[in-house]
Amino acid sequence: MTPASRAPSAAVPYGGAIKSRAAAASLEPRRPAAVAAGRAFGVSLLLGALALASAIFVITRLFESWRVTSGAASHRISVFGQSLGYPAANAGAIVVTALAGLGLLMAGAAIWRAAHELLSDRTFRRALAARSPLPHDGAWVIADDDPQAFCAGLFRPRVYLSTGALDLLDAPALAAVLAHERRHALRHDPLRLACGRVLVAGLFFIPAIRRLAQRQHALAELSADEAAVLIGGGDRSALASAMLSFSQAGSADAPGVDPERIDHLLGERVRWRLPAAVCLGAAAALSVLIALAVLAAHAAAGTATLAPPFLSSQPCIAVLAIVPAAAGVAGVAYARTRRMPQAPATARAPAQG
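Residues numbered from 1 in each chain as written. Predicted model: local features only at pLDDT ≥ 70, side-chain atom pairs only at ≥ 80, totals over all residues. Heavy atoms only, no water.

1. Some details on empty space enclosed by the protein
In step 1: Across all of its chains, the model carries one cavity of 30 Å³ or more by this definition.
In step 2: Considered as a void within the structure, the largest cavity measures approximately 50 Å³ in volume.
In step 3: Taken together, Ala37, Phe41, Arg187, Asp189, Arg192, Leu193, Gln216 and Ala220 make up the full set of residues lining the largest cavity.
In step 4: Contributing elements (two or more residues each) for the lining of the largest cavity: α3 (32–65), α7 (189–202) and α8 (210–231). (1 Å grid on protein atoms, 1.4 Å probe; cavity = no way out; pocket = protein on both sides within 12 Å on 5 of 7 lines; lining within 4 Å. Points joined across faces, edges and corners; volume = space filled by probe spheres on them. Helix = DSSP H or I, 4+ residues; strand = E, 2+ residues; numbered from the N terminus.)

2. Topic: the nonpolar core
In step 1: Grouped together as the largest cluster of nonpolar side chains are 18 residues, with contacts concentrated most on Leu47, Val58, Met106, Leu203, Ile209 and Leu212.
In step 2: When residues of this core are traced back to their parent elements, those giving at least two are α3, α4 (91–130), α7 and α11 (276–299).
In step 3: The leading source of residues in this core is α11, at six residues.
In step 4: Each residue touching Met106, except ones within four places of it in the same chain, is listed here: Ala51, Gly202, Leu203, Phe204, Phe205, Leu286 and Leu289. (Core = buried A, V, L, I, M, F, W, Y, C linked by side-chain atoms within 4.5 Å. Buried < 20%, exposed > 50% of the residue type's maximum accessible area, 1.4 Å probe, protein only. Contact = heavy atoms within 4.5 Å.)

3. Comments concerning the pattern of salt bridges
In step 1: Going through the model one piece at a time under the given rule, you end up with nine salt bridges.
In step 2: Here Arg61 ties to Glu64 by a salt bridge, and the two come within 2.7 Å at their closest N and O atoms. Here Glu64 and Arg61 lie together in helix α3, a separation of three residues that amounts to about one turn.
In step 3: In this structure Glu64 comes out as exposed when scored by relative accessible area, which is 54%.
In step 4: The partner of Glu221 in a salt bridge is Arg261, and the shortest N-O contact between them spans 3.8 Å. Within this pair, whereas Glu221 is found in helix α8, its partner Arg261 is found in helix α10 (residues 259–265), the two being separated by 40 residues in sequence.
In step 5: A residue is classified by how much of its surface remains accessible, and Glu221, at 2% relative accessible area, is buried.
In step 6: For Arg261, a relative accessible area of 1% translates into the label buried. (Salt bridge = Lys/Arg side-chain N within 4 Å of Asp/Glu carboxyl O.)

Below, the structure written as structure tokens:
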């Protein structure tokens, strides 16, 4: 239902409001995939918020546990006649430093992935705009013999079709494909899936978290299939025909259709459960991270100077040397990222999944 269709609801009589709510309630059980997809996204957001809070917390404890001065280091060692400074810390400060390092890696990995998603989205949208897409029934058509249908765009998702798809599909199959893709656009699935990939990058030390992102992607496709079937009056044959046509016309190395989607279209029961063990394990790991930081920070005490350990006793010279070097490394990394092929921020459908 669009916002425009919801706006006049305030003028509906009381009895009409009850009927409309009853009708909406009767449709709810018919959308289990949409409910499960919403829950998967909600769990991802909660874990992302917990991960962000954990990273900020442990980094804050680092600054509270260490005393950094600009003067000469109080701890010095003589090596071949050279007097060099070094930091001093107890066990608590070392633990806090290690946890803060993990927090910095989490934040850095998530920021890097988010920047990659934004850059990929911009690059792909520019590539699509360069092909001068033409409007067609609420979608945009690009000239390409390869049959394609997808939803692209993180913040302003649009539905795209190729001329090959228009030539391949009959009217009912094309309508099912458009309904599928419009569901992706309505729910901003490209942005939701990108958030899941950012979460996986930030929680790199929990490899099993990929299962949550994969399940979120699968549920997004099932939800779009569900919407296409409901819009088509419950007819599953049109969407099944589109999926079969895309699969047969695709290249040999193209990914096949997810068997779970086939089972769903055949009316078989699909398990909507999320990987609860993975979600609880990730939440427990982040909670342990915070608890360790709290316990270690009580007895943590460390002192250091601005001069890098064992390198220089003149911090200003060291800092002036580090800044341009870091800028050069960042520039090289950015240039390499621009040269790498960018994966489009799309929600592929119905054949590619």
